[in-house]
Amino acid sequence: MLQDIEPYLACPHCAQALTRHERSLRCPAGHSFDLAKQGYVSLLAGDAHTGTGDTAEMVAARADFLAAGHYRPIADALADAATALVGAAASAGGAGSDGTDELDGPQSPHGLVADLGAGTGHYLAHVLDALPGRVGAALDISKFALRRAAKAHPRIGAVVCDAWRPLPLRDGSAKLMLNVFAPRNGPEIRRVLRPGGTLLLVSPTAGHLRQLVATLGLLSVDEDKQRRIDEKLGPYLTPVDQRSVEFTLRLGAQDVRTVVGMGPSAWHTDADRLEAALAALPEPVEVTASVTVAAYRRPL
């Protein structure tokens, strides 16, 4: 809920703390942001452009595909990595006398997990299930996605924001951040992470959905993607771990339509050509899912 993440929020105009006033959040400078009836709050600056956000159709496709469990191994790998971080912190003596551990933030006895580009909140919810007591901030520019994220887990607060602008979170407010198939703003991720904090990043490899890329004319992933990610994050974070997650999906025609419609290829795919190409595919079609789960740490 928004009240759980309120201590971590910052005004997008002046970076001061936000507090609840009935159905709005306000900062000491007088900036005010109304709470949407669907459970999220928009902390976008007035000149922000939301045209790059996922559409209602893309969000619905993603929700259907994820709810079917097709990407469950990715969610499990992310939750396992987050759980391992908690265990490592406890072993290193990070646990406090109140039973909390090193993931706890400075403004709350719980601890914030911030998901940049959270979409429907599916992966954040999975991580929160593995980390009892933590609260989650689902950050995304799509209000359609955040309507779902606000209801994805009882410990999620959903915030509309632009990944390429200053994030509406206080300095050092998160010990853990997530970034799954989403834009990455290195300077802001570093600022929001506490010293020693970790970013868990999921990105597709060149082999991801490779059986569909050429046949359906989807956007491809280049072989150097992980290297480019490391280079862009390098000035701000240190890579500390990387693992591959690869598995086979068995997809019917509707599943293929959904996976195409939920990602960036949805902006570039002609519906008639897609249907013609689908007719030539076997059903079900075996498709490879291939991603990298990487951990990056903010230096102390």
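Residues numbered from 1 in each chain as written. Predicted model: local features only at pLDDT ≥ 70, side-chain atom pairs only at ≥ 80, totals over all residues. Heavy atoms only, no water.

## Considerations on unusual backbone geometry
Phase 1 of the analysis: Of note, the amide linkage connecting E283 to P284 takes the cis form, showing an omega dihedral of 0 degrees.
Phase 2 of the analysis: One non-glycine residue, L209, lies in positive phi territory at about 55 degrees.
Phase 3 of the analysis: Looking at the secondary structure, you find L209 in the loop between β9 (193–204) and α7 (210–216). (Helix = DSSP H or I, 4+ residues; strand = E, 2+ residues; numbered from the N terminus.)

## Observations regarding the packing of helix α9 (residues 253–261) against helix α10 (residues 271–279)
Phase 1 of the analysis: Taken N-terminus to C-terminus, the directions of α9 and α10 make an angle of 145 degrees; their axes are 11 Å apart at the nearest point. Two packed elements cross with a definite hand, and for α9 against α10 that hand is right-handed. On α10, the residues that touch A253, V256, R257 and V260 of α9 are L274, E275 and L278.
Phase 2 of the analysis: Classifying every residue of the contact of α9 with α10 gives five nonpolar, no polar and two charged. (Axes fitted to C-alpha atoms, helices over the stretch in contact; angles between N-to-C directions. Left-handed = near helix turned anticlockwise from the far one by under 90°. Contact = heavy atoms within 4.5 Å. Nonpolar A, V, L, I, M, F, W, Y, C, P; charged D, E, K, R; others polar.)

## Describing the packing of helix α2 (residues 56–67) against α9
Phase 1 of the analysis: Running from amino to carboxyl end, α2 crosses α9 at an angle of 130 degrees, the nearest separation of the two axes being 8 Å. Classified by the angle their axes make, α2 and α9 are oblique. The way α2 lies across α9 gives a crossing that is left-handed. In this structure, α2 contributes M58, A61, D64 and F65 to the contact, and α9 contributes D255, T258, V259 and G261.
Phase 2 of the analysis: Residue classes in the contact of α2 with α9 are distributed as four nonpolar, two polar and two charged. (Parallel < 35°, antiparallel > 145°, perpendicular 65-115°, else oblique.)

## Points about the sheet that holds strand β1 (residues 19–21)
Phase 1 of the analysis: With antiparallel pairing, three strands are arranged side by side in an open sheet as β1-β2-β3. Of all strands in the sheet, those with a lone pairing partner are β1 and β3 (32–34), marking the two edges. Strand after strand, the sheet turns through a mean of 30 degrees between neighbouring axes, direction not considered.
Phase 2 of the analysis: One ladder, built from three bridges, connects β1 with strand β2 (residues 24–26); its direction is antiparallel. Across the sheet, residue T19 finds its bridge partner in β2, namely R26. (Pairing = 2+ DSSP bridges.)

## Observations concerning the sheet that holds strand β7 (residues 156–160)
Phase 1 of the analysis: Here eight strands make up an open sheet; going across it, the order is β4-β7-β6-β5-β8-β9-β11-β10 and the pairing mixed. Each of the sheet's edge strands pairs with one partner strand only, and the pair in question is β4 (40–42) and β10 (238–251). The mean inter-strand angle of the sheet, taken between neighbouring strand axes irrespective of direction, is 20 degrees.
Phase 2 of the analysis: Contacting β9, β10 and β11 (285–297), helix α8 (residues 225–233) crosses the sheet at an angle of about 160 degrees to β9.

## Let's talk about the side chain of H126
Phase 1 of the analysis: Note on placement: H126 falls in helix α4 (residues 122–130).
Phase 2 of the analysis: Residue classification places H126 among the buried positions, given a relative accessible area of 17%.
Phase 3 of the analysis: Of the polar contacts made by the side chain of H126, one reaches the side chain of R72; its length is 3.4 Å.
Phase 4 of the analysis: Among all residues touching H126, those that are not within four sequence positions of it are R72, A75, D76 and A79. (Buried < 20%, exposed > 50% of the residue type's maximum accessible area, 1.4 Å probe, protein only. Polar contact = N/O pair within 3.5 Å; in protein donor to acceptor, adjacent residues only side chain to side chain.)

## As for α10
Phase 1 of the analysis: Buried within α10 are the following residues: L274, A277 and L278. The arc that holds the buried residues of α10, viewed along the axis, is 100 degrees, so those residues lie on one side. Every exposed residue of α10 that faces more than 90 degrees away from the buried side is listed here: D272, R273, A276 and A279.
Phase 2 of the analysis: Where α10 is buried, its residues touch α7 and α9. (Arc of directions from axis to C-beta.)

## Notes on the packing of aromatic side chains
The relative placement of two aromatic rings is captured by the distance of their centres and the angle of their planes.
Phase 1 of the analysis: A complete count under the given rule lists two aromatic pairs for this structure.
Phase 2 of the analysis: Look at F65 and Y71: their rings are 5.1 Å apart centre to centre, the planes differ by 80 degrees, and that puts the pair in the edge-to-face class. Like Y71, F65 is buried.
Phase 3 of the analysis: For the ring pair Y71 and F181, a centre distance of 6.3 Å and an interplane angle of 45 degrees mean the geometry is tilted. Separated by 110 residues along the polypeptide, Y71 in the loop between α2 and α3 (72–91) and F181 in the loop between β8 (174–180) and α6 (186–192) bring together distant segments of the chain.
Phase 4 of the analysis: The partly exposed category is assigned to F181, whose relative accessible area is 35%.
Phase 5 of the analysis: By way of ring pairs, the aromatic residues F65, Y71 and F181 are connected into one cluster. (Phe/Tyr/Trp six-rings, centres within 6.5 Å; stacked < 30°, edge-to-face > 60°.)

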